[in-house]
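Chain residues, written in single-letter form:
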Amino acid sequence: MNRLIKYGLVVAASFAVVACQTGGGSADSNDTTVKVSPNDQRDYAAMTLDNGIGVILVSDPTVDKSAAALSVGVGLLHDPMTQQGMAHYLEHMLFLGTERFPETNGYSDFMSKNGGSSNAYTWLDITNYMFEINNAAYDEALDRFSDFFKAPKLYEEYTEKEKNAVNAEWSMRREMDFFGQFKLNRSMMGDHPANRFLIGNLETLSDKPGSKLHTETVDFYNQYYSANIMKVALVSNLPLAQMKELATKHFSSIKDKAIEKPKVSTKLNFDEMGKKRIHYVPNQDVKQLVIDFTIDNNVDDYKTKPNFFISYLIGSEMPGSPAYELKKAGLISNLSSSGSPEQYGNYGSMAIRIDLTDAGMAKREEITAVVMNFIEKIRKDGVDKKYFKEIQTSLNNDFRFLEKGNAFGYVSNLADEMQTYPVTDVISAPYTYSRFDAKSIQNVLDQLTPERLRIWYISKQEPHDQTMHFYDGKYKIVDIPQSEIDAWSKPVNYALKLPKVNTLLPEGFDIKTADKADQAKPEMVHDENGIKVWHYPSQAFKTQPKGLVRVFFNSDEDMSDISSQILFSLWTDLYSLKQSALMTEADIAGMSLSLRERKGLELSVSGFTDKQAELLAQGLGSLVFDTDSKSFAQAVDRYIRNLKNAEKQFPISQLFGYMTNVVTATGYESDDLIKAAQKLTAEDLKSFMNKVMANNQIRVFAFGNYDDNDIKKFVGQIESVLPSDRQVTDYARTKIWKPASNEVISYKKDLEVADVAILDLIVHPDPSTKQEARARVLRSHLRTATFDKLRTEEQLAYAVTALTTQLRDYTTLGFAIQTPVKNVVDMQKRFDDFKTEYVEKLNAITDAEFTQLKNSVLVSLKEKPKNLSEELGPIIADWYEEKWDFSTRAKLIAEVEKVTLEDLKTFYKETALNPEASRVSIQLRGSKFKDGSFANLKGEKEVKNLVELHKAMQYQ
């Protein structure tokens, strides 16, 4: 389910839920039993407080940070029509103080000092709040957090400021095509409550005759924020008995207003909204076809998963599937299918999303007919138990060996899912497929009819006669001709057939690394003929029958000219397209296959190790391929559109792409990349493939459940695809700028989107781990102060942050913002003034507060990995950088231990307040401010040409 993730500079994320059969850890026998994974060794309990709040407790002695989430079963569907977006606005307001903790920045300050983070989101039927914090501060954090739901201040004097914050959030999203399309989809639903403006802005949240925002917000809180529709999830290192005491202590006094959980029962009029075609002109240059059926909410069928079953078949990449046949015909580049049973409250969606080629754009009716024919084939022959067994096996394997995620995401998911599923199944629900139910599948198939269908034609070329009010979208809605609908029942000229059985599902889960259980660091186990292999068995998850192999074809070809960089991109794109069937089959089997650019190419396989060798062999064998001129032209078209679409992303996210272009030797302007791409041919790509495969150094990292035979097999597979005349080259690393005193580089660009964005990055002159350690300790305090001042108090932006980051060996301190209210010059001046103002706050840090900041960093750095990916992260980073002692993390911890309060002040003085410090300024001027000037920095060298900049640049 999509969510509006907000409050702070946090981007929407999809959190993995730990789930499985009863087993593994224990569940308190005095409470409701929670079904958990055999791989999950945590202790669980579920309870209901006297006031009706459902609580799930997760005791994990290994965590260094505790977390909590509270969800309320009400959301945007229940906004007053006179104050649309108010549930979202209320979510903002709860962070601004309570009766017992009245300071508006008190909660954020407390989080910052104790290694914490917090967030919240509002969606159609839920509002969810969560935090994570150092274990020692958990009790007080729960005290502060729970007070949101007992006695929030809801300061009337902050109404205008938080309206501006919501408005800034809307301004960030108004050019996002997802939000425009979702709003248009809902606007066709007549009187249904889903037909609302969700986010809110200054217009919808204004006072109106008979409707005052503050009064309605207080009324909404008093009506709906009731204990009996709340759910709480807690994760901590404490034993369950103590966690029960904390839950009772902090949440049992929330008032139970004995309300019924709000539900939507309004019926849709399919005669008015069905059989429609929507022509939509997006902001991004995409070519898409979306076949969208509205289905009844069937979330209660989670144990028999009819939506999953149907999407599994429609989205198959096997020969004979729509995806396979239409790709083979050159009409599409991607097809996916998904079911969202609660998308509109009492209704959901079953949608097939298709990315089109230019040839496909001319045959959209034909493509639609192919999909509709395949749905009919599923109706007649596809409701087959063999697919149930395949899906069930895949899900069972996933939950049997499912790994932990971070506590923050876990509690968020649990509190969300508790609003939907019985607490016994709240963890296992996504993975439970208890029985084959042909009736429930047919029930959904019976709803995939023209009467419930809307077809979206999305491209820059669409006809339009209307403009959206709250979003930047143009559209035209027409009826689908009956003659076209009738044609769907006729045969199509494609050999459609139902998918074959998956051959990659694992059959064994043996652990192969028992003799290497205690290995201090990765070891090189092979070094012959320019192929070097390192192996490192997991030390933290020794019973996981999983692993990851990265085959790195290291090459310096991307430095030769601009065309080489483009050819690497086209190579990976076409490979993914050609291997999509294999990748999909691997994904179902609990594995993954991917090819990406990384100073050459990197082919990766991961997941269950039982059949990884077979997967790697197929992946390597297809690495070099022929492509016709038509397919190559389509890849170039996708490449160019991706470049152009990147310039329409959030300005604040664009900042970091431009920064990378400036500080790395392979950065180019989009216009230059586009011109070069348009000159390339399929023959150029084939020649380039052969050149790279004949000139490289191959390094392999095998992490996880592999034995010596596996390593030998991998080496043999790699050798089998190498040309006989291969030359081994020197290992190449990306060249990164070496800053010099008084060197100020500025990059200035106009944007098509409205807002201004600025990144002001200052580099510390000393390239040492000592400076990185100081920056780590300072970061959270500086970030909180920046957010509180520039966002909460001054309302300059929704997205604003302070950051510290590494340019390889050099440490930087910086500020970033996307603002809808200030031009570039004024915003840069505000940053400069704030740098000086912050000194007062820095000097006010007490010894006790400093100790908290430092300990919080140490807790994070020393935190045990929660899954294989976290364990691998710092190790593989050292591997790429040839740091063979694999001790970067340990060295950083040692330096953090030495940091003093005076060191923080010195670091800040030597960066933000140092007039001789090197600096990078990225200034993006939005269309709303095109008449304003860019900011001029003292001593700046403005980038006019990236190629010329890099020719003169000094590198580390």
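Residues numbered from 1 in each chain as written. Predicted model: local features only at pLDDT ≥ 70, side-chain atom pairs only at ≥ 80, totals over all residues. Heavy atoms only, no water.

- The name given to the protein chain in an unreviewed UniProt entry is Protease 3, and the organism recorded there is Aliikangiella marina.
- Here is the UniProt Function (unreviewed entry) comment for the protein chain, exactly as written: "Endopeptidase that degrades small peptides of less than 7 kDa, such as glucagon and insulin."
- Entered under Cofactor (unreviewed entry) in the UniProt record, the comment concerning the protein chain runs "Zn(2+)". (UniProt positions renumbered as here; feature names shortened; annotations may be inferred.)

**As for the packing of helix 17 (residues 562-578) against helix 20 (residues 629-646)**
Okay, step 1: Remark: helix 17 packs on helix 20, axes separated minimally by 10 Å, with the N-to-C direction vectors making an angle of 115°. Relative to helix 20, helix 17 is oriented roughly perpendicular. Where helix 17 crosses over helix 20, the two elements pack in a sense that is right-handed. Here I566, S569, L570, D573, L574 and L577 of helix 17 lie close against helix 20, whose contacting residues are S631, F632, A635, V636, R638 and Y639.
Okay, step 2: Residues that form the contact of helix 17 with helix 20 fall into these classes: eight nonpolar, two polar and two charged. (Axes fitted to C-alpha atoms, helices over the stretch in contact; angles between N-to-C directions. Helix = DSSP H or I, 4+ residues; strand = E, 2+ residues; numbered from the N terminus. Parallel < 35°, antiparallel > 145°, perpendicular 65-115°, else oblique. Left-handed = near helix turned anticlockwise from the far one by under 90°. Contact = heavy atoms within 4.5 Å. Nonpolar A, V, L, I, M, F, W, Y, C, P; charged D, E, K, R; others polar.)

**Some words on the pairing of strand 8 (residues 276-281)**
Okay, step 1: Taking burial as the measure, the six residues of strand 8 include six buried ones, the bulk of the element.
Okay, step 2: Of the two faces of strand 8, both are covered, the one formed by K276, I278 and Y280 as well as the one formed by R277, H279 and V281.
Okay, step 3: Bridge count for strand 8 against strand 12 (residues 453-458) is five bridges, and the pairing is parallel. Counted as the bridge partner of K276 is R454 from strand 12.
Okay, step 4: Both strand 8 and strand 14 (residues 474-479) contribute to a ladder of six bridges, which runs antiparallel. (Buried < 20%, exposed > 50% of the residue type's maximum accessible area, 1.4 Å probe, protein only. Pairing = 2+ DSSP bridges.)

**Some words on the UniProt feature "domain: Peptidase M16 middle/third" (unreviewed entry) in the protein chain**
Okay, step 1: The UniProt entry lists residues 399-676 under the feature "domain: Peptidase M16 middle/third" (unreviewed entry), expressed in the numbering used here.
Okay, step 2: Between the first and last C-alpha atoms of residues 399-676 the distance is 47 Å; the span itself is 36% helix and 18% strand.

**Topic: the pattern of salt bridges**
A side chain of one charge can pair with a side chain of the opposite charge when the charged atoms of the two come close.
Okay, step 1: Inspection of the entire model under this criterion finds 64 salt bridges.
Okay, step 2: The closest approach of N and O atoms between K35 and D425, which form a salt bridge, is 3.0 Å. Here K35 is found in the loop between strand 1 (4-6) and strand 2 (43-48), whereas its partner D425 is found in the loop between helix 14 (407-417) and helix 15 (438-445), with 390 residues between them in sequence.
Okay, step 3: For K35, a relative accessible area of 30% puts it in the partly exposed group.
Okay, step 4: For E794, the salt bridge identified is with K789, shortest N-O distance 4.0 Å.
Okay, step 5: On the basis of relative accessibility, which here comes to 28%, the residue E794 falls in the partly exposed class.
Okay, step 6: For K789, a relative accessible area of 33% corresponds to the partly exposed category.
Okay, step 7: Salt bridges sharing common partners tie together K287, D358, D637 and R641. (Salt bridge = Lys/Arg side-chain N within 4 Å of Asp/Glu carboxyl O.)

**Digging into the confidence of the model for the protein chain**
Okay, step 1: Of the residues in the protein chain, 97% reach a pLDDT of 70 or more, and the chain-wide mean stands at 94.
Okay, step 2: Predicted confidence for residues 1-30 stays below pLDDT 50, and this span has 116 contacts to residues more than four positions away or in other chains. (pLDDT = per-residue confidence, 0-100.)

**Observations concerning the sheet that holds strand 10 (residues 332-340)**
The pairing of strands in a sheet comes from backbone hydrogen bonds and takes either a parallel or an antiparallel form.
Okay, step 1: With mixed pairing, the seven strands of this open sheet are ordered in space as 10-11-9-12-8-14-13. Strands with a single pairing partner mark the edges of an open sheet, and in this sheet they are strand 10 and strand 13 (466-467).

**Brief notes about the domain arrangement of the protein chain**
How big an interface is tends to be reported as the loss of accessible area on association of its parts.
Okay, step 1: Domain boundaries assigned for the protein chain yield domain 1 (1-171 + 212-252), domain 2 (514-647 + 667-728) and domain 3 (744-952).
Okay, step 2: Once you take the C-alpha centre of each, domain 2 and domain 3 turn out to be 33 Å apart.
Okay, step 3: Each side of the interface is counted separately: domain 2 has 24 residues, and domain 3 has 19 residues.
Okay, step 4: Taking both sides of the interface into account, the surface hidden between domain 2 and domain 3 amounts to around 2000 Å²; carbon and sulfur atoms contribute 66%.
Okay, step 5: Broken down residue by residue, the surface that domain 2 buries against domain 3 is led by F541, E647 and E669, which jointly contribute 26%.
Okay, step 6: A salt bridge links E882 to R699; the nearest nitrogen and oxygen atoms lie 2.9 Å apart.
Okay, step 7: Connecting domain 2 to domain 3 are eight residue pairs in polar contact (both at pLDDT 80 or more).
Okay, step 8: Of all the secondary-structure elements, those providing two or more residues to the side of domain 2 that touches domain 3 are strand 16 (531-536), strand 17 (546-554) and strand 20 (695-704). (Domains from an automatic or database assignment. Buried area = accessible area lost by both parts, 1.4 Å probe. Polar contact = N/O pair within 3.5 Å; in protein donor to acceptor, adjacent residues only side chain to side chain.)

**So, the environment of F907**
Okay, step 1: Here F907 lies in helix 30 (residues 901-910).
Okay, step 2: Through-space distance from the C-alpha of F907 to that of I367 is 60 Å; in sequence the pair is 540 residues apart.
Okay, step 3: Excluding residues within four positions of it along the chain, F907 makes contact with H764, Q771, R774, A775, L778, T811 and L813.

**Details of the packing of aromatic side chains**
Okay, step 1: Taken as a whole and judged by the stated rule, the model has 49 aromatic pairs.
Okay, step 2: When the ring of F179 is compared with that of Y471, the centres are 6.4 Å apart and the planes differ by 15°; the resulting orientation is stacked. Of this pair, F179 sits in helix 5 (residues 177-187) while Y471 sits in the loop between strand 13 and strand 14, and the two are 292 residues apart along the sequence.
Okay, step 3: Take F179: its relative accessible area is 7%, and that puts it in the buried class. (Phe/Tyr/Trp six-rings, centres within 6.5 Å; stacked < 30°, edge-to-face > 60°.)

**A closer look at the side chain of S746**
Okay, step 1: Structurally, S746 is set in strand 22 (residues 744-750).
Okay, step 2: What makes S746 buried here is its relative accessible area of 0%.
Okay, step 3: Those residues in contact with S746, other than ones at most four positions away along the chain, are S921, E940, K941, E942 and V943.

**Here's the deal with the pairing of strand 12**
Okay, step 1: Counting buried residues along strand 12, six of its six residues qualify, which places the element largely inside the surrounding structure.
Okay, step 2: In strand 12, alternate side chains face the same way, and those of L453, I455 and Y457 on one face and R454, W456 and I458 on the other are all buried.
Okay, step 3: In the sheet, strand 9 (residues 288-296) pairs with strand 12 via six bridges, with the strands oriented antiparallel. Note that in strand 12 the partner of I291 across the bridge is I455.

**Quick word on the side chain of T627**
Okay, step 1: Residue placement: T627 occurs in the loop between helix 19 (612-621) and helix 20.
Okay, step 2: Judged by relative accessible area, T627 falls into the buried class, the value being 16%.
Okay, step 3: When sequence neighbours within four positions are dropped, the list of residues in contact with T627 reads L574, K578, F632, A682 and L685.

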